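Listed below, chain by chain, are the residues.
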Amino acid sequence: MTERVKAWLRAKAPAVLLPVGTTILAFAIGGLVVALTGHNPIDAYKAIFEGTGLNYLLPWTSAEDKDFAALNLQQTLILMTPLMLTALAVALPFKCGMFNIGGQGQYVVGIVASIIVGTHFSGLSKPVHLTLAIGAAALAGAVWGGIAGAMKAAVGAHEVISTIMLNWIAIYGAQYLFELNGPLQGPLRDVPQSSEVTDSAKLPAIWGVLQPLHAGIFLALAALVVYHILINGTVFGYEVRAVGHNPEAARYGGIPVSRSYVAALAIGGAFGGLAGACDVLGWEFHIVTNDIAVSQIGFIGIAVALLGRNNAIGIAFSALLFAGLQVGTSPRALDPTIFPPQLAGNLAIIIQGLIILFVGAQLLLVYAWRARRRRRDEPRPAALVEPTGA
Amino acid sequence: MTALDRIPRGARGVAILGIVVGLVGLELALPPLQIEAAAVPVVLGLAALACAIWALSRDERKLGLWTLFVAVAATAFAIWVQGKSDTSTSLVVNSGLFAAMLVYATPLAYAALGGIFCERSGVVNIGLEGMMLTGAFFGIWGTVWSGRWEIGLVAAMIAGAVVALVHAVFSIHLRSDQIVTGTAINFLALGITGYMFIDIYGSNGTPASIDSVPTVHLPGIASIPGIGGVFGSLNLMIWIVFGLLVVTEVILFRTPIGLRIRSVGEHPRAADTVGIPVYRVRYACVVLSGILAALGGAYLSVGFVGSFGQNMTAGRGFIALAAVIFGKWRPYGAFGACLLFGFASALADRLQSVAGVSPNLLATLPYVLTLIALVGLVGRSRPPAADGLPYVKG
C-alpha cells in the first residue's frame, strides 16, 4: 500500500509542485521589483491578498471585515468565471497539439452575440431567452475558433497566426459595431456603447447585492466537468489526444485528423464564447466600446491554462489565483496608502508574464522527468513524442 | 482545352486581377456612373495594391510592377475626377496622405525586418509587440535622462536586445515552446514598462518637451510638386528604415551570412553538419530582431509622439507580424505590406472626417489580408521549414 502511495505521489508530484513552485518564484521576483522601487513587498502582498477578499474564508477575520471581504470575494469569483472558460479555450486545442491564442477574439465574438440576442427578443421567457443568448455566444465562439481549425485542416495554415489575426478582426469588428453611429450603438447618441440586455436575458444573482456573483460560475464549473469527461472519457477525447501526441501516427491509425483539428478549435472557441456570455449576461449587461480593446480576459486565459497544466482542477485553482491577483490589485480593492494600485496593476501583469515564462520552460522539465522515469522503469527504445503545441 | 484553362493562374493571375480591380475603381468614378464616394475607388485601389504586393513578393516582378502602377495611377485619377466635382476629396488624397503613410509604416517596418531575421533563423517571434513596447519606453527614458535622442535610441536598442535575449535563452537553450515564451515576453514588457512608467514619471506622464529625432529637410526635393510634399521633410528614422530595408535584403539573399541564417531556419541539422553554429546564428538573429523592433517602438515614442503612454504600441507588433507573413518572409514583400497597412491607417484618419468611413472597419484590413494570404490557393505564405522548432544538438 505505501509503495503504491509512493508511486502515485512520485507520478503526480511534479504536476502539483511545479506550478506551485513557479507561482512562488514569480511572486518572489515580483516582490523583488516592489522592494527595489522602495515599497515593502510583504505589506504590499498582504494588502493585495486582502483586496482579493479571500480573507473572507479565514476563521479569524472579524465580522465587519467579513462584510467588506465579501464584496471583494464576489468580484474575484465574478472574474474567475470567464477565466476558467477562456482557459478551457486554450486547454482543449492544446490537447490536440494546437496553441489557441485566439481566446480573446472568441471571447469578443461571444460578447457581441450575447449582446445582440440579449437586447432583442424581449418577449421571451427567462429560461428560453437566456438559453438562446448563451447558445448564440457559444456558437459565435465556435465559428470563430472553427475558422482557424478549418484553415489548418484545409491548407495547414498555422493556428497561432490565424487566431492572432482573428483576434484583431474580432476586436476592431466589435468596435465598429458599437462605435458612434455604428450599426449596433445603444440609444445614447453621444456615448459609444451598446444597449442594455433585457432583464429576461440576465443571469440570476446568487450572492451579494451591489454587483453580485451570478450563476455563470456554475456554467463555468460545469464546463470544467464537461471538458474533463470529454477529454478523458470519450472516443472524441481519445482521438484529440492521439492527434496531439502524433498527428501522423493518428492518421495512420485511422483517426480523422482534420476533423479533430476543426472540432478541437471549435469546441475551444465555444468555451471562449461562453466566457463572453457570462460577462455580458452576468454583470456587465452592456459593452462600452472603448473597453473592448482593453480587455485581457482571453490572454490571461492562456496563463491560466498553462499554469493549470490543461487539467480541469488545475485550471480552477489557477483561475482563482489570477482572478484574485487582478481584483486584489484593482484600485477599487487595494489600499492606496500601502501600495499604489497603478503600480500594483502592472505588478500583476509582470507576475503573469513570469509565470508564463517559467511554465513554458518547465514543460520540458516534466517531460524529461517522465522520460527518465520511464526509461528507468521499463527500458524500451520508443521515443517519447510530446505535444509541443506548435 | 476549355476556356477555363486559358485563365492565367498563379501570381500572374493575381497581378492581372489587381489591374482589373484598379481599372474598375476608375471606371466607376467616370461617367456615366460617376460615383462620388471616395471610398469606392480607394477600397478597390487598396485591393489592387494588395494584389500587386502579392505578385511582387512571389516573383512576378514585371507584371506586379504594372499592377502597382495601375493601382496607384487609376485610383489617383479616379479620385482626381471625383475631386473636380467635390472638393472635399482633395482633402483626403494629397502628398500629406503619403507622408502619413510613411509615418504609420515606419514602426511596422522596423519590427517586420526584425521579425524576418528572427523567423528566417527558425525562431518564431510573437513577442515583437513586447519588444516594440520596450523600445518605446526606454527610448523616452534614455532621452529624458540624457537630454539627447541619440542616447534614447541606444537605450531602446539595449533594452530591446535584453528582452530578446530572454526570448532567445528560453527558446533556444531551454527549448521552451516559442509561442509560450513570446506570449510571456508580451506580458512582461507590458507590465515592466507600465510599472516603471508609473514609478518614474507618476501620473503626470513623461515631461512635455523632450529632445526628439530630427526631421530631414531636403530643400531641393521639397520644391518639386507632388514628391516634395512626401519626401521633402521626413523624420531621420524613416530614411534609416529605407536603408535598413536594402541592407536586410542584401544580407539575407546576397551574402554567405544570409545563406547561413536561411539554412539554419530551413534545415538546422544540415546546417550543423556543414559546421554552421546553429545556436549562435539563432541567438544573433533573435537579439537583432529585438533591437530592430525596439527601434520601431522608439520611433513611435521619441521620433513621432514625443511621449510614452502605457501600452502605446497597441498591437502594432502584431501588424508587423502580419506584414512578415503577408510579404512571405521577404524584406521587400514585408515592407510593401507595411506600406499598404500604413496607407490604410493614414486613409482611415482622413476618411473618418470627410467620408464617414469607419476607421475601425479599415483597421481590420491588415488582418483580413493576412488570413487570405495564409489560405491563398496561389502563392500561399509558408514559413521557413524549421520555424518554431527547437534544435537539439545531436
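These figures come from a predicted structure and were not determined experimentally.

1. Some points on the overall build of chain B
Logical step 1: Across its full length, chain B carries 18 helices and two strands.
Logical step 2: The buried share of chain B, reckoned over its 394 residues, is 56%.

2. Let's talk about the overall build of chain A
Logical step 1: The number of helices and strands found in chain A is 14 helices and two strands.
Logical step 2: Scaling as 2.2 N^0.38, a compact globule of 390 residues should have a C-alpha radius of gyration of about 21 Å, and chain A matches this with 22 Å.
Logical step 3: If one aligns the C-alpha atoms of chain A with their principal axes, the spans along those axes are about 70 × 50 × 40 Å.
Logical step 4: Long-range pairs, those at least 24 residues apart, make up 75% of the contacts in chain A with a sequence separation of at least 6.

3. A closer look at the interface of chain A and chain B
Quoted interface sizes are often the accessible area lost when the parts come together.
Logical step 1: Taken residue by residue, the interface counts 39 residues in chain A and 38 residues in chain B.
Logical step 2: For the side of chain A that touches chain B, the secondary-structure elements that each account for two or more residues are α5 (126-155), α6 (159-178), α12 (297-307) and α14 (341-377) of chain A.
Logical step 3: Class assignment of the residues belonging to the side of chain A that touches chain B gives a composition of 27 nonpolar, eleven polar and one charged.

4. Looking at α6(A)
For an α-helix, the turn length of 3.6 residues means that residues three or four places apart are oriented alike.
Logical step 1: The terminal C-alpha atoms of α6(A) lie 28 Å apart, and with 20 residues this matches the ideal 28 Å at 1.5 Å per residue to within 8%.
Logical step 2: Burial analysis of α6(A) places 19 of its 20 residues in the buried class, which makes it a mostly covered element.

5. Description of the nonpolar core
Logical step 1: Ranked by internal contacts, the top residues of the largest apolar core, which has 264 residues, are A:L83, A:L88, A:L274, B:A112, B:A323 and B:C338.
Logical step 2: Ranked by residues supplied to this core, first place goes to helix α10 (residues 257-284) of chain A with 17 residues.
Logical step 3: Setting aside its immediate chain neighbours within four residues, B:A323 contacts B:L108, B:A112, B:A334, B:A337, B:C338 and B:F341.

6. Quick notes on the confidence of the model for chain A
Low pLDDT marks regions whose predicted coordinates should not be analysed in detail.
Logical step 1: In the predicted model, chain A carries a mean pLDDT of 88, and the fraction of residues at 70 or more is 92%.
Logical step 2: Low pLDDT, under 50, characterises residues 379-390 of chain A; the stretch is placed with 19 contacts to residues that sit more than four places away or in other chains.

7. Observations regarding the packing of helix α1 (residues 10-29) of chain B against helix α2 (residues 39-56) of chain B
Residue and element names in this part refer to chain B.
Logical step 1: Packing of α1 against α2 leaves a shortest axis separation of 8 Å and a crossing angle of 165 degrees. Taken together, α1 and α2 sit at an angle that is classed as roughly antiparallel. In terms of crossing hand, the pair formed by α1 and α2 is left-handed. Counting all contacts with α1, which are made through A11, V14, A15, L17, G18, V21, G22, V24, G25, L26, L28 and A29, the residues of α2 involved are V40, P41, L44, G45, A47, A48, C51, A52, W54 and A55.
Logical step 2: Per-class residue counts for the contact of α1 with α2 are 18 nonpolar, four polar and no charged.

8. Description of helix α3 (residues 63-95) of chain A
All names here are of chain A.
Logical step 1: For α3, which comprises 33 residues, the first-to-last C-alpha distance of 45 Å matches the rise-based estimate of 48 Å (1.5 Å per residue) to within 8%.
Logical step 2: In terms of residue burial, α3 counts as a mostly covered element, since 25 of its 33 residues are buried.
Logical step 3: Downstream of α3 by one or two residues, G97 has phi in the positive range, about 80 degrees.

9. Digging into the packing of α12(A) against helix α13 (residues 312-328) of chain A
Residue and element names in this part refer to chain A.
Logical step 1: At a minimum axis separation of 8 Å, α12 and α13 run at an interaxial angle of 135 degrees. One way to sum up the angle between α12 and α13 is to call them oblique. In this structure, the crossing between α12 and α13 has a hand that is right-handed. Between α12 and α13, the contacting residues are I300, A303, V304, A305 and L307 on the first element and I315, S318, A319 and F322 on the second.
Logical step 2: For the contact of α12 with α13, the per-class residue count stands at eight nonpolar, one polar and no charged.

10. Examining unusual backbone geometry
For residues that are not glycine, phi is negative in most cases, and the peptide bond is trans in most cases.
Residue and element names in this part refer to chain B.
Logical step 1: Although it is not a glycine, R175 adopts a positive phi angle of roughly 50 degrees.
Logical step 2: Mapped onto the secondary structure, R175 falls in the loop between α7 (149-173) and α8 (178-201).
Logical step 3: Look at N311: it is not a glycine, yet its phi comes out positive at around 55 degrees.
Logical step 4: Examined against the element boundaries, N311 turns out to sit in the loop between α14 (278-305) and α15 (316-326).
Logical step 5: What makes N311 partly exposed here is the crowd of 16 C-beta atoms within 10 Å.

11. A closer look at the environment of B:L339
Logical step 1: Here B:L339 lies in helix α16 (residues 331-354).
Logical step 2: Measuring from C-alpha to C-alpha, the distance between B:L339 and B:L49 comes to 10.0 Å, with 290 residues separating the pair along the chain.

12. Observations concerning the environment of A:I169
Logical step 1: Looking at where A:I169 falls in the secondary structure, it is placed in helix α6.
Logical step 2: Sequence-wise, A:I169 and A:G38 are 131 residues apart; in three dimensions their C-alpha atoms are separated by 42 Å.
Logical step 3: Excluding residues that lie within four positions of it along the chain, A:I169 makes contacts with B:T364, B:Y367 and B:V368.

13. Notes on the confidence of the model for chain B
Logical step 1: Of the residues in chain B, 88% have a pLDDT of 70 or more, and the chain-wide mean is 84.
Logical step 2: Overall fold confidence (pTM) sits at 0.84, and the ipTM for the predicted complex is 0.85.

Definitions and cut-offs
Residues numbered from 1 in each chain as written. Chains lettered and ligands numbered in written order. Predicted model: local features only at pLDDT ≥ 70, side-chain atom pairs only at ≥ 80, totals over all residues. Helix = DSSP H or I, 4+ residues; strand = E, 2+ residues; numbered from the N terminus. Buried ≥ 20, exposed ≤ 12 C-beta atoms within 10 Å, placed from the backbone. Rg over C-alpha atoms; globule rule 2.2 N^0.38 Å. Contact = placed C-beta atoms within 7 Å. Nonpolar A, V, L, I, M, F, W, Y, C, P; charged D, E, K, R; others polar. Expected span 1.5 Å × (residues − 1). Core = buried A, V, L, I, M, F, W, Y, C linked by C-beta atoms within 7 Å. pLDDT = per-residue confidence, 0-100. Axes fitted to C-alpha atoms, helices over the stretch in contact; angles between N-to-C directions. Parallel < 35°, antiparallel > 145°, perpendicular 65-115°, else oblique. Left-handed = near helix turned anticlockwise from the far one by under 90°.

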